[in-house]
Amino acid sequence: MAGWLRADGVAAMTARSVAVVGGGAVGLTAAYDLARRDAAVTLYERDALGAGSTARAAGIAYDAYAEDIDVTLAERAIERFREFSGERDFRFAHAPYLWFVTEGGAAAGAIREQVERMRHHDRDVSLVDPDAIRQEFPVLRTDDIVAAGLARTAGTVDPETYVDLLATKARAAGVTIHTGTPASVALGPPRVNGTAYDAVVVAAGAWSGDVLADAGVSVPLEPYRVQALVAGGPAIPILYDATREYYARPHPNGVVAGDGVTTPTDPDDYDGEADDAFRDRITDRLRERVVNARVPVQRSWAGVCARTPDTDPLLGEVTDGLYVGAGWNGHGLMRAPAAGERLAEEVMGVRDGVPAFDPTRF
Ligand SMILES: Cc1cc2nc3c(=O)[nH]c(=O)nc-3n(C[C@H](O)[C@H](O)[C@H](O)COP(=O)(O)OP(=O)(O)OC[C@H]3O[C@@H](n4cnc5c(N)ncnc54)[C@H](O)[C@@H]3O)c2cc1C
């Protein structure tokens, strides 16, 4: 614990002090993992915990990735979701993930190639034909499916119970959490609201670009708006139709569903309600796909995500003592248990950053 060299050059004999900006899934996980490694952690959340994108997530998690680092993070994230499952109200509910196209050509070829690469990474995935899908999931119409992959290591989580659990674990590990407290970050040494820290971690979701810009650091993050809904319906697997670009997953009340229509937006000024066109589009799609589905909409909403030009996240040190974890391109909840841990390990000097996600790569 003793002997850290602070960013301002002073040898500190106390715990390494770290501020985390953002109380969503990523910030809370990072704060917990930092405190477990004996850092003195203060987390700043300008609103309520989870109030950013996390509470608006659909809650899908899978390991169906083809790139090494994506597989590593997804595998670790699901391992941790399982470990946490059963603590407080948090559950990782296993559900297979089926993704498919209804057109031939390149799109079908892409699924076959993805499955092959995932299998090369030892993922429990396979190509499945319409008959096999119908047998396992009689609730789905399959006659138009041209190519499909099925990943067995997948499931759903309730984002709010993840927030509640990680906040509880973080507090128990010694993290001081300030809600309703906007953070303003400055450098030389890294500071939050005027207080100097050995390190500052910005995990402010779609707002991360603005938080870093205040500190004079520019990162290419584009915030965008996406929508989701909960509707009644029968039990389904997690599914993604890559031709029509919508997804759905099982939910205690039926299904949660959303689509790939993304609109660049100002995260401080966006409409948090879903629109009629979205609700009509998604319920039409679900009626086409799910046998005898009525799918009455119970709840719908919009949220913000952020993406980088190469769609990979920014994860790691962006300048001396200042770290960022953002730009999840709609996959931040399922990666949070691993991403927060990686950030903590990098800040504490026990592991190098991920080169592919280096936030200075642009
Ligand atoms: C409709 C929808 C569906 C989604 N579905 C999925 C899914 O199924 N699976 C999946 O993995 N991902 C999904 N996502 C994406 C997922 O929600 C995000 O990637 C993830 O929640 C990001 O977590 P985070 O902690 O990085 O950000 P956030 O949860 O946004 O947390 C950042 C926090 O920082 C706070 N903040 C901002 N500025 C400041 C400041 N200056 N000072 C202090 N605090 C500040 C915000 O208030 C916010 O609470 C979905 C997103 C949406 C909108």
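Per chain, residue numbering runs from 1 following the sequence as it is written. Reporting in this predicted model follows two pLDDT cut-offs: at least 70 for local features of residues, and 80 or more for side-chain atom pairs to be given and counted; totals over whole chains, interfaces and linings ignore these cut-offs and use all residues. The basis for every side-chain value is the complete set of heavy atoms in the structure, and neither hydrogens nor water enter the calculation.

The protein chain appears in an unreviewed UniProt entry as FAD-binding oxidoreductase from Halarchaeum salinum.

K.L.:
Would you explain helix α5 (residues 159-172) in this entry?
P.N.:
One turn of an α-helix holds 3.6 residues; hence residues three or four places apart share an orientation. Compared with an ideal rise of 1.5 Å per residue, which puts 14 residues at 20 Å, α5 spans 20 Å between its outermost C-alpha atoms and is within 8% of the ideal. Within α5 the residues assigned to the buried category are P159, T161, Y162, V163, L165, L166, A167, K169 and A170. We count a stretch as a helix when DSSP gives it H or I for four or more residues in a row; a strand needs E for two or more, and each element gets its number in order from the N terminus. The span one expects for a helix is its residue count, reduced by one, times 1.5 Å. Three labels apply to residues, based on accessible area from a 1.4 Å probe with only protein chains included: buried if under 20% of the type maximum, exposed if over 50%, partly exposed otherwise in between.

K.L.:
Honestly, the sheet that holds strand β10 (residues 154-157) in this entry has me stumped. Any pointers?
P.N.:
Hydrogen bonds between backbone groups are what pair the strands of a sheet, and the pairing can be parallel or antiparallel. Here 3 strands make up an open sheet; going across it, the order is β5-β10-β6 and the pairing antiparallel. Pairing within the sheet leaves two strands with one partner each, and these edge strands are β5 (60-62) and β6 (92-94). Along the sheet, successive strands turn relative to each other by an average axial angle of 35°, direction set aside. Two strands pair under a simple rule: DSSP has to find at least two bridges between them. Geometry is summarised by axes, namely lines fitted to C-alpha atoms with helices restricted to the contacting stretch, and by angles between N-to-C directions that run from 0 to 180 degrees.

K.L.:
Any chance you could explain the environment of R134 here in plain terms?
P.N.:
By the element assignment, R134 lies in helix α4 (residues 130-136). Residue contacts follow a heavy-atom distance rule, with two residues in contact if any of their heavy atoms lie within 4.5 Å. Beyond its immediate chain neighbours, meaning those up to four positions away, R134 contacts T142 and D143. Side-chain polar atoms of R134 contact the side chain of T142, separated by 2.7 Å. Think of a polar contact as two N or O atoms within 3.5 Å of one another; within protein, one of them needs to be a possible hydrogen donor and the other a possible acceptor, and neighboring residues in sequence only count if both atoms come from side chains.

K.L.:
Help me understand the site of the ligand, please; the structure alone is not making it clear to me.
P.N.:
Here a residue counts as near a molecule or strand whenever at least one of its heavy atoms sits within 4 Å of it. For the ligand, the set of nearby residues contains 37 residues, the closest of which are E45, S53, T54, A183 and M334. One nitrogen or oxygen atom from the side chain of T54 is found 2.5 Å from an oxygen atom belonging to the ligand. In the environment of the ligand, an oxygen atom lies 2.9 Å from a nitrogen or oxygen atom belonging to the backbone of I60. Residue exposure ignores everything except the shown protein chains as possible cover, and the areas themselves are Shrake-Rupley values with a 1.4 Å probe. Here the ligand loses 96% of its free accessible area of 1,000 Å² to cover by the protein chains. Basically, the charged four are Asp, Glu, Lys and Arg, the nonpolar ten are Ala, Val, Leu, Ile, Met, Phe, Trp, Tyr, Cys and Pro, and anything else, Gly included, counts as polar. Of the residues in the shell around the ligand, the class split is 21 nonpolar, 13 polar and 3 charged. Annotation comment: domain bounds sourced from an automatic or database domain assignment. For the shell around the ligand, the domains that each give at least three residues are domain 1 (4-55 + 159-221 + 311-352) and domain 2 (97-152 + 222-307).

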